[in-house]
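These are the residues of each chain, in order.
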Amino acid sequence: MRNKIAVCERKKLYKSGKMLVTAGIFSLAIFGATISDISADTTGGTITTAAKADPTKAQPAEVQAASDKPVEAPTPDKATEPQAAPNKTTEVPAPDKATEVQATPDKPVEVPASDKATEPQATSDKPVEVPASDKATEPQATSDKPAEVPAPDKATEPQVTSDKPAEAPVPDKATESQVTSDKPADTTTETPTKDQTSTVYAPANTPKTDKVDNTASLTDKKETSQEAPQLDKIESDSPNIKQIDGKTYFVDENGQVKKNFTAVVDGQVLYFDKTTGELTSNDRQYADGLTNIDNAHNAAYDLTADSFTNVDGYLTANSWYRPKDILKSGTTWTPSTATDLRPLLMSWWPDKDTQVAYLKYMQSVGLLEDDVAVSNSTQTADLTNSAMSVQKNIEQKISLSGNNTDWLKTDMSQWVNSQSNWNISSESKSNDHLQGGALLYVNSDKTPDANSDDRLLNRTPINQNGQITDSSQQGGYEMLLANDVDNSNPVVQAEQLNWLYYMMNIGSITQNDPTGNFDGYRVDAVDNVDSDLLQVASDYFKAAYKIDQSDSQANAHLSILEDWEAKDAAYIKAHGNNQLTMDFPIHLGLKYALNVPADQRSGLESTITNSLVDRTADSTENTAQPNYSFIRAHDSEVQTVIAQIVKDKINPNSDGLTVTPDEIEKAFAIYNADELKADKEYTAYNIPSSYALLLTNKDTIPRVYYGDLYTDDGQYMAKQSPYYDAITSLLKSRVKYVSGGQSMGTSYLHDNQGVLTSVRYGTGSMTATDAGNDETRTSGIGVVISNKTDLNLNNDEQVVLNMGAAHKNQDYRALMLSTQAGLQIYNDDAGSPVVRTNDLGQLIFKSDMVYGINDPQVSGYLAAWVPVGASANQDVRTASSTTTSTDGSTYHSNAALDSQVIYEGFSNFQAMPTQADEYTNVRGVQEHIY
């Protein structure tokens, strides 16, 4: 269903399974309806009809669509009786050629007939003309009085004379219904006029057992301007139809003029202009170039839900419908029953390409002869005739199979699935995590009710004011993951505020329990939403929690951003650091220095300077930009690895991102086993070394990922990961030792073997030369890391860990130490290896202590050293200040902020709970996390 204006948007509706259905196939009338609203989306939306039943209106007996041939009624003498062709003009000889017989919607021209009960009545917006092959033998029409036809200008109205007036009993409104055809039935050799509409009034009783006519006519839609309906009557019948300044409008219940809108009011099809809302035509078609078999029998039986299969009220490419008649055995039209449903795409196609594809498929399954020419160059009339032949063959096969249509459902489904209109091949597919792409919704004259003057796309942090016109430079794209929420709309933003309030107060609201409320929030996909939302959220937190008044208030309500764009940090800082920006560079620095295979690793310097903070010598407070940092996350370095395993080991035809539960289960069996290997194929190396730096770094809040403590799959917190002991030891040591200034550096030994050292000097000491205080001696921590598995020191080489002057001549013990026997962890002084600083406060290590390792925990070298003698309950964290903030910044990077830790306590791949104690909130309480 392509549209020359908005193909892109159209495809997305196909993706969601929705499909435009025009009135052409159905020839529908609204039975007993006062008003039926029909949306006017012409690009690929869905026509929705919502009839409001009026019990006072009589039900019409039948709906008659425009036929392939002129509508004929039995007459005493066909040679002397004119024939009326719906919406088609034929000439009538008369004394004045300019005069023509006109049929009007109010009073159709009647042809004398012997049987009034079976006589079809034709009405048209255009003059009804009767063909005459022999003018000499055709009776001349004379009249004692002219046929009455309403016209805006009587002076210019043609009149026809006849021996007697053309009379017809006026159809009773109660038994009359209108149907709309794609174009007039073509009864001459004249080229069919594109985009024509016809209106036919159905008689009360029409024979329904006529033989099939294989010469089905092709019809194309077109808007036409009919003569205006009886607007006064329509206005009096419908409270929605209003005349304003001499023009007619449809006014909804809210007093709003509806535009680009079609309504059926008392059988009249009214279209209201897409720009002004003014009534411009009595008939509205929905798209250009559509094709259908213009056959009255294929019209829909009625508009009730029982006559259609649908998905949530929408017709789809797989929808079936109840036609008015069934071509019994492929020979005889018989009235359908409630169980006689047929595929929508057996009688109607959104474009010629689809019709050709349908016919070719039907040839492949033997329902159309192989020698029938089917291609895009085939005349559309011939294609339509071929489609009628297919319908005959389908009906024959249905009859032979005892009215079984299961085979047809299979064939149609296979064909629909093969078409790009309705499958992934027409989409701009991407590898956007698990969801496979994004949709973009824009203002369109096809969706007037959904449009907004406030829809401003891609107003992300780096482009909030729309100053970047080059879309490739705007950062992330809006509407990530098929999200159709218009985040730039003030109404949507207000609802976001409502939702944020609800979530922050969910305990109080739902259980009258303030202890169940949240303290802060995380904004996902910052680069894919309107950055106004960040200001909405921060304004709310300032008003509700006074986060801009002091560190105490701010640190009690931490809020973080998933802002991957490198330039986002500058935006956050410029707006007052109201949320914590993500230190994305250090994530990459740690990954490529430590987590990738040995032959892909960078130098260790990236872990020092590739960050929002240069930690070569970090000795200040309230200088660095407040931030948080992490190693891995639920959607970073986990699902991408699972995707690769699926593609490599389980399903080579998969993209790895749209996977089945069975594939995930098999992938995690490989993933979990891989973590236990020294030479890993998929999972990350050096997780303990990465956390040793993350949890000891200054001027950041570390975020610990659930999947590094526990297996990503399985029940919540049910199985510890191989790194659980190392990470929990580092977390406890962070509380006990990590404080003071920081210094990091890299030294190189022979063969370019790099070794990283990182020192925190302890409470009260910011540099290596500070003397410190009483608390300094038992605090601080030193870390030594290498990413070389073949690390070895010559006899004249050493590694120096400068703990600072405050720690001269002091014993230090190993917190963790990589050895030939694996990574050793020591949680207290007893039994730990001990070394002593020299007069300068330096720890000196030789080849017997520092060497390369390659085991499941460490690929290179790792050691962490802390002072001996700290009390078991020592806590070096810093309380947040209650002093009023005056610098305009909400968060401040200082020891108080550093004292926080964020726990990302979930995985995308957790198993569904099977009993109460497996739920996340229950387990969290049991493990004292919440």
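In what follows, the structure referred to is the one given above.
The structure contained in this document is the topic of the report that follows. (Residues numbered from 1 in each chain as written. Predicted model: local features only at pLDDT ≥ 70, side-chain atom pairs only at ≥ 80, totals over all residues. Heavy atoms only, no water.)

1. Digging into the packing of helix α3 (residues 352–364) against helix α5 (residues 406–418)
Put simply, the rule reads: For every element, the axis is a line fit to its C-alpha atoms; helices are fit only across the contacting stretch, and the angle between N-to-C directions ranges from 0 to 180 degrees. Numbering of helices and strands runs from the N terminus; a helix is a DSSP stretch of H or I covering at least four residues, while a strand is a stretch of E covering at least two. Each angle gets one of four labels, with under 35 degrees taken as roughly parallel, over 145 as roughly antiparallel, 65 to 115 as roughly perpendicular, and the rest as oblique. Handedness of a crossing is defined here by the sense of rotation of the near helix relative to the far one, left-handed for an anticlockwise turn of less than a right angle and right-handed for a clockwise turn. Contacts between residues were defined by any pair of non-hydrogen atoms, one from each residue, lying within 4.5 Å. All residues other than Ala, Val, Leu, Ile, Met, Phe, Trp, Tyr, Cys, Pro, Asp, Glu, Lys and Arg, Gly among them, are scored as polar; the first ten of these are nonpolar and the last four charged.
For the pair α3 and α5, interaxial distance at closest approach is 11 Å and the crossing angle is 135°. As summarised for this structure, α3 and α5 are arranged oblique, according to the angle between their axes. The crossing of α3 and α5 is right-handed. Mapping the contact onto sequence places Thr354, Ala357, Tyr358, Tyr361 and Met362 in α3 and Asp411, Met412, Gln414 and Trp415 in α5. In terms of residue class, the contact of α3 with α5 is built from 6 nonpolar, 2 polar and 1 charged.

2. Concerning the side chain of Thr378
What counts here: Think of a polar contact as two N or O atoms within 3.5 Å of one another; within protein, one of them needs to be a possible hydrogen donor and the other a possible acceptor, and neighboring residues in sequence only count if both atoms come from side chains.
Topologically, Thr378 is positioned in the loop between α3 and α4 (380–400). Here Ser375 takes part through its backbone nitrogen, which lies 3.0 Å from a polar atom of the side chain of Thr378. Those residues in contact with Thr378 that sit more than four places away from it in its chain are Lys352, Ala373 and Leu383.

3. Quick look at the packing of aromatic side chains
What counts here: We call Phe, Tyr and Trp rings a pair once their centres come within 6.5 Å, taking the six-membered ring for Trp, and we label the pair stacked below 30 degrees between planes, edge-to-face above 60, and tilted otherwise. Three exposure classes are used, based on accessible area relative to the maximum for each residue type with a 1.4 Å probe and protein chains only: buried under 20%, partly exposed in between, and exposed over 50%. In this analysis the charged atom, NZ for Lys or CZ for Arg, is taken to sit over a ring once it is within 6 Å of the ring centre and within 35 degrees of the ring normal.
What the rule picks out here adds up to 17 aromatic pairs. Each ring, one from Tyr628 and one from Phe630, has its centre 6.4 Å from the other, and the planes form 25°; the classification is stacked. On the basis of an interplanar angle of 65° and a centroid distance of 5.1 Å, the ring pair of Phe668 and Phe909 is categorised as edge-to-face. Here Phe668, found in helix α14 (residues 661–675), pairs with Phe909, found in the loop between β36 (902–904) and α19 (920–926); they are 241 residues apart in sequence, far enough to count as distant. Using a relative accessible area of 1% as the deciding quantity, one classes Phe668 as buried. Counting every residue linked through ring pairs, the aromatic cluster contains Tyr501, Tyr521, Tyr540, Phe541 and Tyr545. Here Arg601 stacks its cationic end above the ring of Tyr685, 5.1 Å away from the centre of that ring.

4. A few points about helix α6 (residues 490–504)
An α-helical turn contains 3.6 residues, so a residue and the one three or four places further along point in the same direction. How we decide: Here the expected span of a helix is defined as 1.5 Å times the quantity of residues minus one. To obtain the arc, one takes the directions from the helix axis to the C-beta atoms.
Relative to the 21 Å expected for 15 residues at 1.5 Å per residue, α6 spans 21 Å between its end C-alpha atoms, a close match to the ideal helical length. Burial in α6 covers these residues: Gln493, Leu500 and Met504. Down the axis of α6, the buried set is contained in an arc of 25°. They therefore lie on one face. On its buried side, α6 packs onto α7 (506–511) and α8 (532–545). Where α6 starts, the residue carrying a side-chain oxygen 2.9 Å from the main-chain nitrogen of Val491 turns out to be Asn489.

5. Considerations on the sheet that holds strand β25 (residues 701–705)
To keep it simple, the criterion reads: Following DSSP output, two strands are said to pair if at least two bridges run between them.
On the basis of which strands lie adjacent, the open sheet formed by 4 strands has the order β22-β24-β25-β36 and parallel pairing. At either end of the open sheet lies a strand with only one pairing partner, and these are β22 (581–582) and β36. Alignment of β22 against strand β24 (residues 627–630), held across 2 bridges, turns out to be parallel. Each residue of the ladder has a partner; that of Met582, found in β24, is Tyr628.

6. Quick word on the pairing of strand β26 (residues 742–748)
The side chains of a regular strand alternate between both faces of the sheet. Pairing geometry for strand β23 (residues 617–618) and β26, over 2 bridges, is antiparallel. Following the sheet pairing, Ala617 is matched in β26 by Ser743. With 7 bridges connecting them, β26 and strand β27 (residues 754–760) associate as antiparallel partners. When the sheet's bridge partners are listed, Ser743 is paired in β27 with Val759.

7. Notes on unusual backbone geometry
Unlike most non-glycine residues, Asn512 shows phi in positive territory, near 55°. Here Asn512 lies in the loop between α7 and β20 (522–523). The phi torsion at Met717 lies on the positive side, around 60°, for a residue other than glycine. Within the secondary structure, Met717 sits in the loop between α16 (706–709) and α17 (724–737). Take Met717: its relative accessible area is 4%, and that puts it in the buried class.

8. Description of the pairing of strand β17 (residues 332–335)
Pairing of strand β16 (residues 325–328) with β17, which is carried by 4 bridges, proceeds in the antiparallel orientation. Within β17, the position partnered with Ile326 by the bridge is Thr334. The antiparallel hairpin formed by β16 and β17 contains 3 residues in its connecting segment, where Ser329 sits at a positive phi of about 60°.

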